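Structural overview for review
Below are the chains, spelled out letter by letter.
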Amino acid sequence: MTEEPRLHVIAGGRADGPRPGKRPAEPEPLWREVLGEQLRELRRQQRETLAETAARAGISPQYLSEVERGLKEPSSEMIAAVAGALGTTLGGLAESVAAELRVQHEASLLLRREVATRRRMSGPVALALAA
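What counts and what doesn't
Numbering of residues starts from 1 in each chain and follows the order in which that chain's sequence is written. For a predicted model such as this one, the threshold for reporting local features is a pLDDT of at least 70, and the threshold for listing and counting side-chain atom pairs is 80 or more; totals across whole chains, interfaces and linings nevertheless cover every residue. Note: side-chain values were computed over all heavy atoms of the structure, leaving out hydrogens and water. Think of it this way: any DSSP run of H or I at least four residues long counts as a helix, any run of E at least two long counts as a strand, and we number them from the N terminus. Between buried and exposed lies partly exposed: a residue is buried under 20% and exposed over 50% of the maximum accessible area for its type, with that area taken using a 1.4 Å probe on protein chains only. Contacts between residues were defined by any pair of non-hydrogen atoms, one from each residue, lying within 4.5 Å. Angular values range over 0 to 180 degrees, each being the angle between N-to-C directions of two axes fitted as lines to C-alpha atoms, with helices fitted over their stretch in contact. Just so you know how the angles are binned, under 35 degrees is roughly parallel, over 145 roughly antiparallel, 65 to 115 roughly perpendicular, and the rest oblique. Crossing handedness follows the turn of the near helix against the far one: under a right angle anticlockwise gives a left-handed crossing, and clockwise gives a right-handed one. Side-chain classes are defined by residue name, with Ala, Val, Leu, Ile, Met, Phe, Trp, Tyr, Cys and Pro counting as nonpolar, Asp, Glu, Lys and Arg as charged, and the others, Gly among them, as polar. Think of it as the arc spanned by the lines of direction from the helix axis to the C-beta atoms. Here, a salt bridge means any side-chain nitrogen of Lys or Arg that lies within 4 Å of a carboxyl oxygen of Asp or Glu.

1. Here we look at the side chain of Glu68
Structurally, the position occupied by Glu68 is in helix H3 (residues 61-68). For Glu68, a relative accessible area of 3% gives the class buried. Each residue touching Glu68, except ones within four places of it in the same chain, is listed here: Gly36, Glu37, Leu39, Arg40, Arg43 and Leu50.

Laid out in structure tokens, this is it:
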């Protein structure tokens, strides 16, 4: 089984394709990927197996594993069941995922700014400053 290709650009958006001379930006993580990481971390903090958590949530261990790996896009009911099995709420989990996405987005912005600054400080300007 192969994973569907990831979408990187919204048609008609500002980045409707690579611009000449520009590297494409790193794709943002998908919600399901960050959700899976958060669920796995919660489960591991509680020292539980996939089978234990899945049994309490009423799903199969295989399905929970696919959710944790970001391969499945679970329904809100399914997320709520797993969250409950891990002692949290759907809202708390959603807030945690959103916070992580914000952190990753901010880190990406900082990295882009740093790379842009380095590019501006290379070549003749950097040589003139060094002299």
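2. Notes on the packing of helix H2 (residues 50-57) against helix H4 (residues 76-85)
At their nearest, the axes of H2 and H4 sit 8 Å apart, and the two run at 120° to each other. Taken together, the axis directions place H2 and H4 in an arrangement best described as oblique. The handedness of the crossing between H2 and H4 is right-handed. Together, Thr53, Arg56 and Ala57 of H2 and Ala81, Val82 and Ala85 of H4 make up the contact between the two elements.

3. Topic: the packing of H2 against H3
Look at H2 against H3: their axes get within 8 Å of each other, and the N-to-C directions meet at 105°. Regarding the angle of H2 to H3, the classification is roughly perpendicular. From H2, Leu50, Ala51, Thr53 and Ala54 reach across to H3, where they touch Pro61, Leu64, Ser65 and Glu68. Here the contact of H2 with H3 is built from residues that sort into 5 nonpolar, 2 polar and 1 charged.

4. Side note on H4
Buried within H4 we find Ile79, Val82, Ala83 and Ala85. When H4 is viewed along its axis, its buried side chains cluster within an angular range of 160° and face the same direction. Note on H4: the residue one or two positions beyond its end, Gly87, has a positive phi of about 80°.

5. Examining the pattern of salt bridges
With the rule as written, the count across this model stands at 5 salt bridges. A salt bridge links Arg40 to Glu68, with the nearest nitrogen and oxygen atoms 3.1 Å apart. You can see Arg40 sitting in helix H1 (residues 31-45) and its partner Glu68 sitting in helix H3, a full 28 residues away along the chain. Bridged by salt links that share partners, the residues Arg40, Arg43 and Glu68 form one connected network.

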